[in-house]
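Chain residues, written in single-letter form:
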Amino acid sequence: MAGGTSSSIMETFFQRNLEDLIKGLRLQLIGESAFISKALDEIRREVKSTDPHTKSNAIHKLSYLASLHFHDMSWAAFHVVEVMSSSRFAHKRIGYQAASLSFHDDTPVLLLITNQLRKDLTSTNEFEVSLALECLSRISTTDLARDLTPEIFTLLSTTKLFVRRKAIGVALRVFAKYPDAVRVCFKRLVENLESPDQQILSAVVGVFCELASNDPGSYLPLAPEFYRILIDSKNNWVLIKVLKIFAKLAPLEPRLAKRVVEPICEHMRRTGAKSLMFECVRTVVSSFSEYESAVKLAVVKIRELLVDDDPNLKYLGLRGLSIVTLKHSWAVLENKEVVIKSLSDADPNIKLESLRLVMAMVSESNVVEISRVLVNYSLKSDPEFCNEILGSILSTCSRNVYEIIVDFDWYVSLLGEMSRIPHCQKGDEIENQLIDIGMRVNDVRPELVQVARDLLIDPALLGNPFLHRILSAAAWVSGEYVEFSRNPFELMEALLQPRTSLLPPSIRAVYIHSAFKVLVFCLHSFILQKGHFTSSCPDNLVPGISALALKREMPESSDLITCEAPPTHGEQDEGFNPRVSNQSCEDLSVEHDGDRTISHGQTSMHDSSEKNSFTYESIVNLINVVELALDPLTGSHDVEVLERARNVLCFIELIKAELPECLVQKETSVDSEDVKAFKIIELMSDAFSEELGPVSVSAQERVPLPEGLILKENLDDLETICGEVQVPPSNLFSFGSPYGEEKGVFFSDLHSKEESEPSTEATSLLTEHRKRHGLYYLPSEKNEILANDYPPANDSKWKNNLNNDTEDLVKLTAQSLVSNKKPNHAKPRPVVVKLDDGDVGSISAKRPEAKDDLLSGAVREVLLGSDVIPTSQSNESNKSFGKRKGKEKLNMEPSTELKENLGDSEKPDLEKPRSRRSKHRTHGKDRRHKSPENINEEREENGLRGKQKSSHRHARHKARQRADALLTVVSQTPVIPDFLL
Amino acid sequence: MGIRFVLMVNKQGQTRLAQYYEYLTLEERRALEGEIVRKCLARNEQQCSFVEHRNYKIVYRRYASLFFLVGVDNDENELAILEFIHLLVETMDRHFGNVCELDIMFHLEKAHFMLEEMVMNGCIVETSKANILAPIQLMDKA
């Protein structure tokens, strides 16, 4: 026994406390992890000690390591509970802190702490209560919330403001976990809205702001309270929260909006605090956008923010502007200069915001100009922003099935141009759009093929992996719509050029398949042409001559190919030269000089009548080129490439045997239909001529479900099997991969040497540092900075260095952003194929699933439920709102109450000359009269009520009757409080 | 939930204080802090103090060698949060006298305590320096 005690004393004596641990950590330049694991071993030992001091010290160290060095402490949960129940406050505090840090819903020991929490919640020591509340706000589970609701209820009206404030904060968590607590606690919470204490008010308004953001409708009945705070409060924190509440409530109740819009504008005009001012602006532009004058005022304020040098204010100004734009596009046009200048701001976030705004200005009439300007601009900007620009152009232009695009030829060539921008990484999107436009818009196909050809023919593009997807689309387009091509031979050369080996196999397969389509097209056209040729001049021509004529054309067309194709094709030319006996051809052509000129004419007409210039030799040449290019691919390792290549080669094999024959059969060319090869070509051509169309998004749904197929089968079991085979997230920064796996490399890498200096030296260093980086320090003279305003921005000395580029940009866009500019449609908009059912992804704005239905139900019941049963209501509300002086039931005569409040609120304003208001005060307290147009509107809206309004002062009971009558009408529909009447 | 977390990170990217108002696992926290710190520390003083991250935003401000990062819901008022950060720094400054990173390192629990006084369950509940510091001063005496 004695030994045990002494060892524990020794332990205590030699135990390292947290400070030692931190000091030790700071001395470890390397091997920090070894030091920590040693410390953890110590902790494991110490935590089992019977001595409360040793134990709490261990927990203290452990929670430090868990909090800042990411070490698991769940194993110590039970010890944490032990420390929590210590009678010494210092230990208890450590325990509670460790609990709120490490406990969560699944921690098993949570079941053990209910009584401890209850004991501390009812403690006479307010700091213990505060600890328990703090902990509860972080770890409360449904069980804890249910079991401790009575204690919270008591604390909600305790006279110790220090504790009550925290109890209010806890209420939010308790309600979320255990909605039934609302029935018990809600009224006490509401009572706190009347508290004269600013901190209590701040806390309770914060809680209601959170509650209302999930389910604003339920809190409409509290609008009078919030209104009073809006008018009375001088605390900016509180006002900001109240404004947030009104931003949620106002859209639900137009009468309320009408009422609060003026006070909000008043705050906006008068406040010196930027945060409050911005909140007013945001509230007005998001929830009061139909009040023209308020919006105008807000836009004026936004402009003030925009022209400020402080990047924070500028950013917020842009944010505000982007909210206004949704309904008032004039606001952006008014500020377009600033917006466009911001495109070249030093801050990427600001650039991004202004880009969004510029895109919001885009319309049918200016899309060409804006896109032009932006694409030019993207060439000069950094890769990241360049891609942002391209991405936003792409998404804006493709919105609603290319709604704003009139000139598709232009758009398609823009896509081609964008592909060539060096930093472009939008390959996927451009690929999709090229194909999509091809399928949807018939008229644009010739231009599309031209764009595709330009992309394909450039060997340099093949080296850029970001472009591969685009090239794949270009290849597909050129194969699918080859009939619009001016020169299929050239396309073939491009599709088979040697550098295609740089492509990934899947895209190479597309190339080969497109080559196949081009080949079939050429052969088919040749046959048609031949048939036409022979039938049009059946017997006038001497067969020999026609053969000669065919032969004669050959050199030209082969020349054409060789000179247009990349030089790498020399060897391929070699390949076919011996076969077609170039020599003899040339001799012939020399003999027939006159004919040659004619054929020259023909080649110059290539552009328009290429289809008519298929010759035997050019076809043979083509086949040879294909064979030569694809032969090596029969040894490809990629199945897709292999198969496609074989397809083409086998097809050539099939027709090749008969091809020379059918060309020799000049006399019997009428029978050419009989030749097998022709039939095959015919068939293939038919197969490819089927037009592909866009696929509806809902196409899958229309497929009937086969019997016996269980789609929603629970595949959870697979989780265990495939658990290890997790695909690593490709991009750690993407929003799509939450919490991508990350090694703690960052921290260890950056582990500092700098802060290893002992702290004595630090002070001199600190002053040095302070001198250099003064702007990051608090001002040394300790005068209380106006707590009213947010701290000045980092540095305003920074100069707005607008380079010439930006000014050009501004100038350029200046004209293009004039919205009333008439679009000059040179040609009518082509037909864009749209599928009627859900072509665009049916992203129906689903209302957020009210996961706290229970909560809102409970709140409604507490606030409104009693209305339905008026008998109980009077009792209840008398009790709950008993504190209010001179007021009766909330639902019966809210208007009088509101007016009283208004009367109070006007006092501080009296020095301001607001004659109208004060005049009306003498005339009567009906404030509604102060804006006559309002009342007129309102009269129109609800004429009957308006009439009663005017006389209700004299007829209280009448109003009561009406209220009752109204209640019966709207009892099941959302119950709207009549406080405004 | 207003405020989701408060972080204090030094220039080297080491976390000096981490207070979360929702439960995250260690791995989630590690990933989150890594991403955020990388994002924010790369920015310079000519750039604004707001960064969008995942589905919320971060309001940050640098004091001496420490970055104060506050993660808030998207509809939270950015400027108010900047004021909050400033208030926190002023409060610590008043308590420690010329507060520096070492103060926070060695008195982490006090820094936590101040934060707990100011923020409850993600809502700002106390904005008076005197009120925030009163309990701490009491405890120091005891």
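If you're wondering where the values come from, they're calculated on a predicted model, not measured in any experiment.

This part takes up the interface of chain B and chain A. Often, the extent of an interface is quoted as the loss of accessible area upon association of its parts. Facing 58 residues of chain B, the contacting portion of chain A comprises 64 residues. Counting residues per element, the side of chain B that touches chain A draws most heavily on helix α1 (residues 26-41) of chain B, at ten residues. Partitioned by chemical class, the residues of the side of chain B that touches chain A number 25 nonpolar, 16 polar and 17 charged.

This brings us to the sheet that holds strand β1 (residues 3-10) of chain B. Residues and elements named next belong to chain B. Judged by pairing direction, the sheet is antiparallel, and its five strands sit side by side in the order β2-β1-β5-β4-β3 without closing on themselves. Two strands close off the open sheet at either side, each with one partner strand: β2 (15-20) and β3 (50-53). Going from strand to strand, the sheet's axes swing by 20° on average, the running direction of each strand aside. Bridging between β1 and β2 involves five bridges; their strand directions are antiparallel. What sits directly across from Met8, in β2, is Leu17.

Among the nonpolar cores identified, the biggest contains 260 residues, and Ala171 and Ala515 of chain A together with Phe68 of chain B are the most heavily contacted of them. The element contributing the most residues to this core is helix α29 (residues 505-536) of chain A, with 15 residues. If we ignore the near neighbours within four places in the chain, the residues touching Phe68 of chain B are Met8, Tyr60, Arg61, Tyr63, Ile85, Leu88 and Val89 of chain B.

The geometry of a pair of packed helices is captured by two quantities: the angle between their axes and the separation between those axes. All names here are of chain A. The N-to-C vectors of helix α16 (residues 274-287) and helix α17 (residues 292-306) enclose an angle of 135°; their axes lie 9 Å apart at closest approach. Looking at the two axes, α16 sits oblique to α17. The crossing of α16 and α17 is left-handed. For the pair α16 and α17, the contacting residues are Met277, Val281, Val284 and Val285 in the first and Ala294, Val295, Ala298, Lys301 and Ile302 in the second. Per-class residue counts for the contact of α16 with α17 are eight nonpolar, no polar and one charged.

Next up on the list: the confidence of the model for chain B. On average, residues of chain B carry a pLDDT of 89, and 99% of them reach 70 or more. As a predicted assembly, this complex carries a pTM of 0.67 together with an ipTM value of 0.94.

Before going further, it helps to spend a moment on the pairing of strand β5 (residues 66-72) of chain B. All names here are of chain B. Of all the seven residues making up β5, seven are buried; the element is thus mostly covered by neighbouring parts of the structure. Because side chains alternate across β5, one face comprises the buried residues Leu66, Phe68, Val70 and Val72, and the other comprises Phe67, Leu69 and Gly71, equally buried. Sheet topology note: the β1/β5 ladder contains seven bridges and is antiparallel. Bridge assignment links Phe5 to a residue of β5, and that residue is Gly71. As judged from the seven bridges shared by strand β4 (residues 56-63) and β5, these two strands associate in the antiparallel manner.

What follows deals with the environment of Ile36 of chain B. Within the element layout of this structure, Ile36 of chain B appears in helix α1. Ignoring sequence-local partners within four residues, the contact set of Ile36 of chain B consists of His53, Ile58 and Leu69 of chain B.

The rules behind the values
- Residues numbered from 1 in each chain as written.
- Chains lettered and ligands numbered in written order.
- Predicted model: local features only at pLDDT ≥ 70, side-chain atom pairs only at ≥ 80, totals over all residues.
- Contact = placed C-beta atoms within 7 Å.
- Helix = DSSP H or I, 4+ residues; strand = E, 2+ residues; numbered from the N terminus.
- Nonpolar A, V, L, I, M, F, W, Y, C, P; charged D, E, K, R; others polar.
- Pairing = 2+ DSSP bridges.
- Axes fitted to C-alpha atoms, helices over the stretch in contact; angles between N-to-C directions.
- Core = buried A, V, L, I, M, F, W, Y, C linked by C-beta atoms within 7 Å.
- Buried ≥ 20, exposed ≤ 12 C-beta atoms within 10 Å, placed from the backbone.
- Parallel < 35°, antiparallel > 145°, perpendicular 65-115°, else oblique.
- Left-handed = near helix turned anticlockwise from the far one by under 90°.
- pLDDT = per-residue confidence, 0-100.

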